[in-house]
Amino acid sequence: MEVTNLESIPGKTIVRHLGLVQGSTVRAKHAGRDILAGLKNIVGGELKAYTELLVESRKEAVARMVQQAEAVGANAVVNVRFSTSNIASGAAEVMAYGTAVVIG
Amino acid sequence: MTYENPRIPEGINVARESVPAEFLRLLAGLLLVVVVAALVLHLAGGWLARQVPFALERSWVGERLLVPPGIGTDAADAQAQERVQALARELAAGMGLPQGMTVDVHLVREEVPNAFATLGGHVLVTDGLYRRLPSENALAMVLAHELAHIRARDPIAAAGGGAALTLLMLALGGDAEALAPQLARLVQLGYSRQAEARADEAAIAALLGHYGHAGGAAGLFEALADYDGAGRELPALLATHPADAARIARLQQAARGWDATRQPLVALPAL
Amino acid sequence: MEAMLQLLVFAALLLAGLLFGRAAERRHYRDIVAREEALGDILVFSERRIPDFAAPPRTTLVVGSVVIAEDYFKRIAASLKSLVGGRLTAYESLMDRGRREAVLRMKEEARGLGADMVFNVRFETASMNDSAGGRQAMFSAEFIAYGTALIPSRAP
């Protein structure tokens with residue numbers, strides 16, 4: 001399954017456009033990491049726990065988007081975009097969406 | 001090149017797992033953690049508090065009577081106060097209080113029967129309680145029990161344990177706040193029953209030492225059994241001084257072998 | 001005991017959230033599925049490149065938005081889960097419903113204008129937490145779906 005945020009795959013043509021597919025996930029880090037991150041706010045620097053959280057979430061969101069694309073019979077997803085929003089403290093929702101296509 | 005929108009199946013972005021099932025699992029886990037943490041913190045807080053030297057506790061508190069709200073602290077009859085203080089001194093001498101630990105017994109004007117040990121080596125006895133005591137032996141039991149609490153540093157340990165629990169509740173914050181205090185209070189009640197049992201034992205030993213027998217030790221509870229004044233007053237005393245059957249039985253057991261005719265109870269002068 | 005009363009109120013709210021919340025959610029999903037069926041002929045894509053038409057279509061921006069709140073039970077379940085970390089399944093259905101509802105409203109606007117295709121669809125999500133005295137009493141989120149609708153122009 002090809003995933004890209006270009007309009008199309010270079011060198012290939014799109015045979016069928018199958019519409020919008022999206023994957024989203026809501027995750028939280030456990031309370032302990034939250035407290036550590038709060039302390040880190042005083043010192044400054046990368047909040048590794050939250051970076052990890054968002055990386056995991058993004059991977060899962062893309063995986064679900066791909067799952068939807070497979071379900072409608074596509075072999076590529078183009079024009080992929082991400083959207084992240086903050087849900088309460090320490091939890092984030094990551095969404096990935098794109099257009100499922102069949103490339104030939 | 002075609003443009004279409006085939007139907008996307010459900011269940012990809014939304015889990016099928018039941019939310020209530022997961023919720024109950026987590027709730028059970030949280031309750032367990034809170035109970036264990038409450039126990040540990042209460043013990044730790046109590047232990048730490050006991051390390052504070054009595055002299056320091058005394059100097060912090062001074063002459064103030066730190067009592068729960070709603071209990072009068074005006075001094076009652078001066079002569080009676082003197083007698084009670086003198087009895088307490090005699091008992092204390094036989095109980096081996098550590099060097100420098102002074103205990104002040106205050107007889108206060110308050111209808112509700114009550115007696116407790118508080119911070120700074122102060123013991124409070126209400127005249128409502130005094131009037132219901134059938135003998136000096138019963139009074140000695142009460143005084144010795146409270147003296148035992150002071151000796152064991154129970155008041156400051158309870159304060160320390162309470163502070164530790166409050167910290168735990170603050171740390172949990174959020175919605176756990178609603179549940180945690182209930183459990184913490186349950187833990188506290190259980191723990192203080194242990195302290196009460198220990199104080200009872202020490203008091204009986206003191207009675208044996210002072211009078212040669214433990215007769216009349218259960219006098220207070222027997223007298224209160226006849227007390228059916230406004231129901232709400234009694235629970236205040238019983239909340240921290242459980243008068244359950246087991247406790248009364250223990251006290252009466254301690255008086256086994258006591259002969260009332262050969263070792264009569266000492267009368268308690270009226271107020 | 002005041003604390004007992006607080007606990008009872010809390011439990012009652014939880015129960016109300018659980019029962020009525022689930023019913024409301026199921027009803028909403030049924031509604032969504034029915035409308036998706038009805039609006040299935042309006043095609044949506046996130047692509048920017050539009051197909052070639054004999055006559056260039058008119059274009060216009062269409063937007064669908066909705067704000068949905070989660071029920072109390074799921075709110076508490078999620079905050080409990082966030083203590084240990086992991087997937088917050090309690091909020092997943094809120095997100096799913098919200099987005100699908102926003103897309104449906106966007107499609108409805110497109111239909112109203114006579115369009116049958118929407119391109120360059122994008123999403124925005126904003127969460128609005130209603131904090132009452134430090135404790136979060138409500139959780140709600142706003143969902144926007146917007147795109148460019150292609151309205152076929154009549155043959156000249």
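Residues numbered from 1 in each chain as written. Chains lettered and ligands numbered in written order. Predicted model: local features only at pLDDT ≥ 70, side-chain atom pairs only at ≥ 80, totals over all residues.

**Student:** How should I be thinking about the overall build of chain C in this particular structure?
**Tutor:** The helix and strand inventory of chain C stands at three helices and five strands. Each helix (α) and strand (β) of chain C, taken in turn from the N terminus, gives the series α-β-β-α-β-α-β-β. Burial statistics for chain C: of 156 residues in total, 36% are counted as buried. Across chain C, contacts joining residues at least 24 apart in sequence account for 84% of those joining residues at least 6 apart. (Helix = DSSP H or I, 4+ residues; strand = E, 2+ residues; numbered from the N terminus. Buried ≥ 20, exposed ≤ 12 C-beta atoms within 10 Å, placed from the backbone. Contact = placed C-beta atoms within 7 Å.)

**Student:** Just checking my understanding: could you explain the overall build of chain A for this structure?
**Tutor:** Regarding its fold elements, chain A presents two helices and four strands. For chain A, the sequential pattern of α-helices and β-strands runs β-β-α-α-β-β. Among the 104 residues that make up chain A, the fraction classed as buried is 38%. For chain A, long-range pairs separated by at least 24 residues make up 77% of all intrachain contacts whose partners lie at least 6 apart in sequence.

**Student:** Got a minute to help me understand the sheet that holds strand β4 (residues 122-126) of chain B in this structure?
**Tutor:** The pairing of strands in a sheet comes from backbone hydrogen bonds and takes either a parallel or an antiparallel form. All names here are of chain B. Strand order in this open sheet of three strands is β2-β4-β3, and the pairing throughout is mixed. Bordering the open sheet on either side are β2 (104-108) and β3 (115-118), each of which pairs with just one other strand. The sheet shows a mean angle of 20 degrees between the axes of neighbouring strands, taken without regard to direction. Against the sheet, helix α3 (residues 78-95) engages β2 and β4, with an angle of about 150 degrees to β2. Lying over the sheet, helix α5 (residues 136-151) contacts β2, β3 and β4, oriented at roughly 20 degrees with respect to β3. (Pairing = 2+ DSSP bridges. Axes fitted to C-alpha atoms, helices over the stretch in contact; angles between N-to-C directions.)

**Student:** It is not clear to me how the nonpolar core should be interpreted in this structure. Could you clarify?
**Tutor:** Across soluble globular proteins, nonpolar side chains show a tendency to be buried alongside one another. The biggest cluster of nonpolar side chains holds 61 residues, and the ones touching the most others in it are A:Val21, A:Met65, A:Val77, C:Val44, C:Ala77, C:Tyr91 and C:Val118. The greatest single-element share of this core, amounting to nine residues, is contributed by helix α3 (residues 89-112) of chain C. In this structure, C:Val44 is in contact with A:Gly19, A:Leu20, B:Asn5, C:Val103, C:Lys107, C:Val118, C:Val121 and C:Gly147, ignoring residues within four places of it in sequence. Within the second largest apolar cluster, 40 residues are counted, among which are B:Val123, B:Ala140, B:Ala214 and B:Ala217. (Core = buried A, V, L, I, M, F, W, Y, C linked by C-beta atoms within 7 Å.)

**Student:** Hey, could you run me through the interface of chain C and chain A in this one?
**Tutor:** You'll often see interface size given as the accessible area lost when the parts meet. Between chain C and chain A, the residue contacts involve 29 residues of the former and 28 residues of the latter. Of all the secondary structure elements, the ones that give two or more residues to the side of chain C that touches chain A are β1 (43-44), α2 (72-84), β3 (86-87), α3, β4 (117-132) and β5 (135-151) of chain C. When residues in the side of chain C that touches chain A are grouped by element, the largest group, eight residues, is from β4(C). Of the residues that constitute the side of chain C that touches chain A, the class distribution is 12 nonpolar, eight polar and nine charged. Note: strand β2 (residues 14-28) of chain A against β3(C), two bridges, orientation antiparallel. (Nonpolar A, V, L, I, M, F, W, Y, C, P; charged D, E, K, R; others polar.)

**Student:** In this structure, what is going on with the pairing of strand β3 (residues 76-87) of chain A? I would like to understand it.
**Tutor:** Two faces make up the sheet, and in a regular strand the side chains alternate between them. Residues and elements named next belong to chain A. Pairing analysis gives two bridges linking strand β1 (residues 2-3) to β3, with the strands arranged parallel. Opposite Glu2, over in β3, you have Ala76 as the bridge partner. Bridge analysis of β3 against strand β4 (residues 91-103) gives 10 bridges, and the strand direction is antiparallel. Bridge pairing links Thr84 to Val94 in β4.

**Student:** How should I be thinking about the interface of chain B and chain C in this particular structure?
**Tutor:** Each side of the interface is counted separately: chain B has 19 residues, and chain C has 22 residues. Elements that contribute at least two residues to the side of chain B that touches chain C include exactly α1 (19-51) and α7 (176-211) of chain B. A total of seven residues in the side of chain B that touches chain C trace back to one element, the largest contributor, which is α1(B). By residue class, the composition of the side of chain B that touches chain C is 11 nonpolar, four polar and four charged.

**Student:** What should I look at first to understand the confidence of the model for chain C in this one?
**Tutor:** Caution is warranted with low-pLDDT regions, since their predicted coordinates should not be read in detail. Across chain C, the average pLDDT comes to 87, with 92% of residues at or above 70. Both scores are given for the predicted complex: the pTM is 0.67, the ipTM 0.83. (pLDDT = per-residue confidence, 0-100.)

**Student:** So what exactly am I meant to see when it comes to the environment of B:Gln253 here?
**Tutor:** Mapped onto the fold, B:Gln253 is located in helix α10 (residues 245-254). When the C-alpha atoms of B:Gln253 and B:Gly215 are compared, they prove to be 9.6 Å apart, with 38 residues separating the residues in sequence.

**Student:** What's the story with the packing of helix α1 (residues 2-38) of chain C against α2(C) in this structure? I'm lost.
**Tutor:** How two helices pack is summed up by the angle between their axes together with the distance between the axes. Residue and element names in this part refer to chain C. Contact geometry for α1 and α2: axes closest at 6 Å, N-to-C directions at 115 degrees. One finds that α1 runs roughly perpendicular with respect to α2. On the side of α1, the interface is formed by Leu13, Leu14, Ala16, Gly17, Leu18 and Gly21, while α2 contributes Tyr72, Phe73, Lys74 and Ile76. (Parallel < 35°, antiparallel > 145°, perpendicular 65-115°, else oblique.)

**Student:** Hey, could you run me through the pairing of β3(B) in this one?
**Tutor:** A two-sided burial pattern is seen for β3(B), the buried positions comprising B:Ala115 and B:Ala117 on one face and B:Phe116 and B:Thr118 on the other. Between β3(B) and β4(B), which pair antiparallel one after the other, the connecting turn spans three residues, and B:Gly120 there sits at a positive phi close to 85 degrees.

**Student:** It is not clear to me how unusual backbone geometry should be interpreted in this structure. Could you clarify?
**Tutor:** Glycine aside, the phi torsion of most residues is negative, and most peptide linkages are trans. All names here are of chain A. Positive phi is not limited to glycine here, since Asn79 has a value of about 55 degrees. Within the element layout of this structure, Asn79 appears in strand β3. Asn79 sits in the buried class, given 23 other C-beta atoms within 10 Å.

**Student:** Help me understand α1(B), please; the structure alone is not making it clear to me.
**Tutor:** A turn of α-helix holds 3.6 residues, and therefore any two residues three or four places apart point the same way. Counted at 1.5 Å a residue, the expected span for α1(B) with its 33 residues is 48 Å, and the 47 Å between its end C-alpha atoms agrees. Listed as buried for α1(B) are B:Val19, B:Phe23, B:Val34, B:Ala38, B:Leu41, B:His42, B:Gly45, B:Gly46 and B:Ala49. (Expected span 1.5 Å × (residues − 1).)

**Student:** How should the packing of α3(B) against α5(B) be read in this particular structure?
**Tutor:** Residues and elements named next belong to chain B. Between α3 and α5, the shortest axis-to-axis distance is 10 Å and the interhelical angle comes to 55 degrees. Comparing the axis directions of α3 and α5 gives the class oblique. Judged by the sense of rotation from one axis to the other, the crossing of α3 with α5 is right-handed. Residue-level contacts link Leu87, Ala88, Leu91, Ala92 and Met95 of α3 to Leu139, Ala140, Leu143, Ala144, Leu147 and Arg151 of α5. (Left-handed = near helix turned anticlockwise from the far one by under 90°.)

**Student:** Would you mind showing me how to read the environment of B:Ala75 here?
**Tutor:** All names here are of chain B. Turning to its location among the elements, Ala75 is positioned in the loop between α2 (54-61) and α3. Among the residues examined, Ala75 registers 13 C-beta atoms within 10 Å and is labelled partly exposed. Residues Ala75 and Glu110 lie 35 residues apart in sequence; the distance between their C-alpha atoms is 9.3 Å. When neighbours within four sequence positions are excluded, Ala75 is seen to be in contact with Gln81, His106 and Val108.

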